[in-house]
Amino acid sequence: MQPDHQRKDIKEEVNMDIQLADVMIHIDENLTADRRASVETQLREIDGVVSVNNPEDKPHLTLVPYRSDRVDPQTLLAQVKAEGVHAELVGL
């Protein structure tokens, strides 16, 4: 068994390789709460998506932090569009 300080160094080294990015998706339609929840659920199921934030006061904007080594913004946008929603990426 490795001493605690060696295990910590290994864990920090592994975590340094994770590349996080954010993408903002603008949804053109006025979606119902249920429809927005459905879009959010589909995004969360994509490997590499860290979280999905679609605030009530800005229902057209969805922020998606993701791991860029696992998924790209175009894939996220394609998933939203696959839900029958008109949307585009917004530069951050």
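For the structure itself, consult the block above.
Residues numbered from 1 in each chain as written. Predicted model: local features only at pLDDT ≥ 70, side-chain atom pairs only at ≥ 80, totals over all residues. Heavy atoms only, no water.

Trainee: Please clarify how the overall build of the protein chain should be interpreted in this entry.
Mentor: Of the regular secondary structure elements, the protein chain holds three helices and three strands. For the protein chain, the N- to C-terminal ordering of α and β elements is α-β-α-β-α-β. For the protein chain, the residues scored as buried account for 28% of the 92 residues in total. In the protein chain, 63% of the contacts between residues at least 6 apart in sequence involve partners at least 24 apart. Of the accessible surface of the protein chain, which amounts to about 6,100 Å², a share of 51% is contributed by carbon and sulfur atoms. (Helix = DSSP H or I, 4+ residues; strand = E, 2+ residues; numbered from the N terminus. Buried < 20%, exposed > 50% of the residue type's maximum accessible area, 1.4 Å probe, protein only. Contact = heavy atoms within 4.5 Å. Areas by Shrake-Rupley, 256 points an atom, 1.4 Å probe, with all protein chains shown as cover.)

Trainee: Can you walk me through the pairing of strand S1 (residues 20–27) in this structure?
Mentor: Regular strands show a simple pattern: their side chains alternate between the two faces of the sheet. Across seven bridges, the pairing between S1 and strand S2 (residues 61–67) is antiparallel. Across the sheet, the residue bridging to Val23 is Val64, located in S2. Bridge count for S1 against strand S3 (residues 87–90) is four bridges, and the pairing is antiparallel. Residue pairing for S3: His26 is matched across the bridge by Glu88. (Pairing = 2+ DSSP bridges.)

Trainee: Even after reading the chapter, I still don't get the sheet that holds S1, so can you show me in this structure?
Mentor: Backbone hydrogen bonds are what pair the strands of a sheet, in a parallel or an antiparallel way. What the three strands build is an open sheet, ordered S2-S1-S3; its pairing is antiparallel. Two strands bound the open sheet, and with one partner strand each, they are S2 and S3. Going across the sheet, the axis of each strand differs from the next one's by a mean of 35°, ignoring polarity. Running over the sheet, helix H3 (residues 73–82) touches S1, S2 and S3 and is turned about 155° from S3. (Axes fitted to C-alpha atoms, helices over the stretch in contact; angles between N-to-C directions.)

Trainee: Sorry if this is basic, but what is going on with the pattern of salt bridges here?
Mentor: Once the charged atoms of two side chains with opposite charge are near each other, the side chains can pair. By the definition in use, this model includes four salt bridges. Of the charged contacts, one joins Glu40 and Arg44 as a salt bridge, the two residues approaching to 3.5 Å between their closest N and O atoms. Here Glu40 pairs with Arg44, and both are found in helix H2 (residues 33–44), just four residues apart, close to one helical turn. Residue classification places Arg44 among the partly exposed positions, given a relative accessible area of 42%. We note a salt bridge from Asp69 to Arg67, for which the minimum N-O separation is 2.7 Å. We classify Arg67 as buried; its relative accessible area is 17%. (Salt bridge = Lys/Arg side-chain N within 4 Å of Asp/Glu carboxyl O.)

Trainee: I tried to follow the nonpolar core on my own but got confused; where do I start?
Mentor: One broad rule of soluble globular proteins: the nonpolar side chains tend to lie buried together. In this structure, Ile25, Leu43, Val64, Leu76 and Val80 are the most contacted members of the largest nonpolar core, which totals 17 residues. Of all the secondary structure elements, the ones that give two or more residues to this core are S1, H2, S2 and H3. Ignoring sequence-local partners within four residues, the contact set of Leu76 consists of Val23, Ile25, Leu43, Ile46, Val49, Val64, Tyr66 and Val71. (Core = buried A, V, L, I, M, F, W, Y, C linked by side-chain atoms within 4.5 Å.)

Just distances and angles here, no functional claims.
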